[in-house]
Each structure stands twice: as structure tokens, then as C-alpha cells.
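# Coordinate inspection notes
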Amino acid sequence: VDRTYQWSIATFLVLLTVALAVFAGGFFSVDNVSDLATTVAMTAIVGCGALLVIATGNIDVSAGPIYAIAGFAAATGAKAGLSPVVCLALGIGVGAALGLVNGVLVAVLQLPSIIATLGTSSLFSGALVLGTGGANWVTDLPAAFTSLGQGGWGPISVPVLFAVVILPLVWLLSTQTSAGRRVMAVGSNSEAARLVGIRVKLVEGATFVLNGIFLGIGATLAVAYLGQAQTNLGAGITFTALTVAVVGGTDVFGGTGSVLGVTLAAVLIEMTDSALVFFHIDSLWAKALQGLFILMALAMSVAQHRRSRRPLRLPWVRGRKAADHA
């Protein structure tokens, strides 16, 4: 993996930290740092799912609706008196099931992922509205459930503990196992991967399911942290997940990805958002900055491909077969 992205983000974070320490000393209070760490943890978990999908040369633009449905399901279970563990399992199960729908459309039916997930995004959003009967909120969640997001060990919250376990596991999966190497091989060249015996369809489908699982975990933790669920819970999640994955160094052309990069990008995105709030700057600037970060990451990716003379093809736009045989 090219470490240019990680070094660039780390350098910017150091400069941002120094600037905030000088001009906004209160920014690094224990409570604010704890809240920041919690949001970073949930964002990084969601970003790992996007990393795996993009690394295969695909993309999932239905992450927001999946996130919203999984969170709403977990909150509804909590409201019904289910235990926090069962609610978490419910959120994960719903996320995995919806991810499987995307996986079947892309891997089995061979639909371009951007088209397939754009369609399921609308489908899932509509299903959520119909399934909830127009009810937009689930509130007054039991304390046992909200402890998943608000509880912890001192200033270290439960979502941070989840991230401490999940992120190293994803790193091990993506870099130290044959399964991870298959994911990267499919993204680099799916036809070559097929010729050496890799079950390309299975790998692609599995990444969509894993993405759904991570979205389910993130959504459940977010609902517990907020103490309520809304049908618009997933607003902005698709963009955020793609941002942390791409800015973190996941190649939009497929074949590479870095959990460390995703984690650093999550810190960058959430710290800049928090800094804007701290200085009472309009939150619209946060989206503008995310867009800028994405454009910079894309420019770096294109430059690297031109240096390596790799073709600039996006299989999730043109379709897998067209991209592999062009």
C-alpha cells in the first residue's frame, strides 16, 4: 500500500492539533476528546466496510439507508425490551441481510455496483418509511441499551472499545490472510483473479455483506450514543463512509486499501467537523472540506496510476466485464 496518503493525513493532523492547541485550548478538554474519540470510532468502523467494497473495484451508495434501517431495527428491539446484545445482533443481522441483497445484484446478476446500489438505496429508503408507518422517531430508549453508546471505562467509551477490537481484525483480514489477498486481487484484475482460481463472485458478494455488518454495528452504536433513532439517521453516512475510505488511501480503481489510512481519515474528518462546531462555523463547510479531501485523494490516485501506467478504469461505472476486457 502506498503510504503517501497516510503521511499526508498525519502531517495535516499534527498541524491541525497544534493550531487548535494554540488558538482553542478548550477544544482538548477531557469531555470533548472523549466525544471526539467516540465519533471517530463509529466513523472508522463504517469506513472499514466501504474500504472492502471499494478494494474489489465496486462501490456501495446505499450505505445511508442500510445504516438507518439497521439503527431503527436495533432501537425498536430495545424499545420492545430486548437485551442490548440481542439488539446489537438485530442491527448486525439487518445490515448483513441488506448487504446480501446488494451482493447478489452485483456479484450474481453482474449489475454495475453504482447502478445496483443506487437502486437499492431508493428501495431501502422507501421500505423504511413504509415499514415504520411514517413514524420518524424512536425515543426513550432503556438505559441498558444506551450504555452501548454512552457507557464505557472512564473516558473510554464502548464504541471506542469496539473499534479497538474491530479495526485490528479488519487489518488482519485484509493484509495477513488469503481472504484479504483475494479481495485485493479481485480489485486489481478480476479476470486474472478468476483464472488463478479465485471465486470472484463470492469475494465480491462477501464484501457487500461485510459492509452491511459494519454499517449495522455503527448504526446500533450511534443510536445508543444518541439515545434515539430517526428514519433520517443515515443522512450523510454514504458520503462519510466513502470519504474516509478514499481519503484514507483506498484506491478507487480497486486493489488496495488501508485500515490505518481509514482510521487517520476518520480522525481528520471528525476533528475538522468538531473544530468547525467549536468555532461556531456553519456545518456546511464540513461537507465542502470533505469534498475537497476527496478531490485531493482522487488526484493522488490518478497520478499514481499514470506513473505505474495502470489503466484508469472504474469497473463500478462501466461494469466488470467491460472494465476487465477493455
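Structural notes, computed from the coordinates.

The rules behind these values
- Residues numbered from 1 in each chain as written.
- Predicted model: local features only at pLDDT ≥ 70, side-chain atom pairs only at ≥ 80, totals over all residues.
- Heavy atoms only, no water.
- Helix = DSSP H or I, 4+ residues; strand = E, 2+ residues; numbered from the N terminus.
- Buried < 20%, exposed > 50% of the residue type's maximum accessible area, 1.4 Å probe, protein only.
- Axes fitted to C-alpha atoms, helices over the stretch in contact; angles between N-to-C directions.
- Parallel < 35°, antiparallel > 145°, perpendicular 65-115°, else oblique.
- Contact = heavy atoms within 4.5 Å.
- Salt bridge = Lys/Arg side-chain N within 4 Å of Asp/Glu carboxyl O.
- Patch = residues over 30% accessible without salt bridge, like charges linked within 9 Å, V, L, I, M, F, W, Y side chains within 5 Å.
- Areas by Shrake-Rupley, 256 points an atom, 1.4 Å probe, with all protein chains shown as cover.
- Core = buried A, V, L, I, M, F, W, Y, C linked by side-chain atoms within 4.5 Å.
- Phe/Tyr/Trp six-rings, centres within 6.5 Å; stacked < 30°, edge-to-face > 60°.
- Polar contact = N/O pair within 3.5 Å; in protein donor to acceptor, adjacent residues only side chain to side chain.

A word on unusual backbone geometry. Backbone geometry follows two general trends: most residues other than glycine have a negative phi, and most peptide bonds adopt the trans configuration. Residues other than glycine seldom take positive phi values, yet Asp140 does so here, at roughly 55°. Here Asp140 is to be found in the loop between strand 1 (137–138) and helix 6 (143–150). Judged by relative accessible area, Asp140 falls into the exposed class, the value being 65%. The phi dihedral of His280 is positive, around 60°, even though this residue is not glycine.

Helix 8 (residues 178–188) packs onto helix 7 (residues 158–176) with a crossing angle of 70° between their chain directions and a minimal axis gap of 5 Å. By the angle between their axes, helix 7 is roughly perpendicular relative to helix 8. Every residue of helix 8 that contacts helix 7 at Leu173, Ser174, Thr175 and Gln176 is listed here: Ala179, Gly180, Arg181 and Met184.

Inspection of the entire model under this criterion finds one salt bridge. A salt bridge links Arg194 to Glu191, with the shortest nitrogen-to-oxygen separation between them at 2.4 Å. One end of the pair is Arg194 and the other is Glu191, both in helix 9 (residues 190–195) and three residues apart, which spans about a single turn. Classification of Arg194 as partly exposed rests on a relative accessible area of 45%.

Time to look at a nonpolar patch on the surface. On the surface, Val14, Val18, Val22, Phe23, Phe278, Phe279, Ile281 and Trp285 cluster together into a nonpolar patch covering about 840 Å² of accessible area. Ranked by residue count, the leading element in the nonpolar patch is helix 1 (residues 4–23), at four residues. When you line up the elements, Val18 lands in helix 1. Taking the relative accessible area as the measure of exposure, Val18 reaches 48% and is therefore partly exposed.

Within the element layout of this structure, Thr272 appears in helix 12 (residues 259–278). Residue contacts for Thr272: discarding those within four places in its chain leaves Phe12, Leu16, Leu289 and Phe293.

Our next topic: the nonpolar core. Residues Tyr67, Phe145, Phe214 and Val247 are the most contacted members of the largest nonpolar core, which totals 77 residues. Considering every element that reaches this core, the biggest residue donor is helix 2 (residues 30–55), with twelve residues. Beyond its immediate stretch of four places on either side in the chain, Phe214 contacts Ile45, Val46, Cys48, Gly49, Leu52, Ile166 and Val170.

Further remarks concern the packing of aromatic side chains. The final tally for this structure, using the stated rule, is four aromatic pairs. Judged by centre distance (5.1 Å) and plane angle (85°), the rings of Phe27 and Phe28 are edge-to-face. Looking at Phe27, the relative accessible area reads 1%, which means it is buried. By relative accessible area, Phe28 is classed as partly exposed at 32%. Taken together, a centroid distance of 5.5 Å and an interplanar angle of 85° make the contact between Phe278 and Phe279 edge-to-face. Using a relative accessible area of 33% as the deciding quantity, one classes Phe278 as partly exposed. One aromatic cluster in this structure is built from Phe27, Phe28, Phe278 and Phe279.

In this section: the side chain of Ser258. Counting through the fold element by element, Ser258 comes out in the loop between helix 11 (237–247) and helix 12. In this structure Ser258 comes out as buried when scored by relative accessible area, which is 5%. A polar contact is formed between the side chain of Ser258 and the backbone nitrogen of Leu260, at a distance of 3.3 Å.

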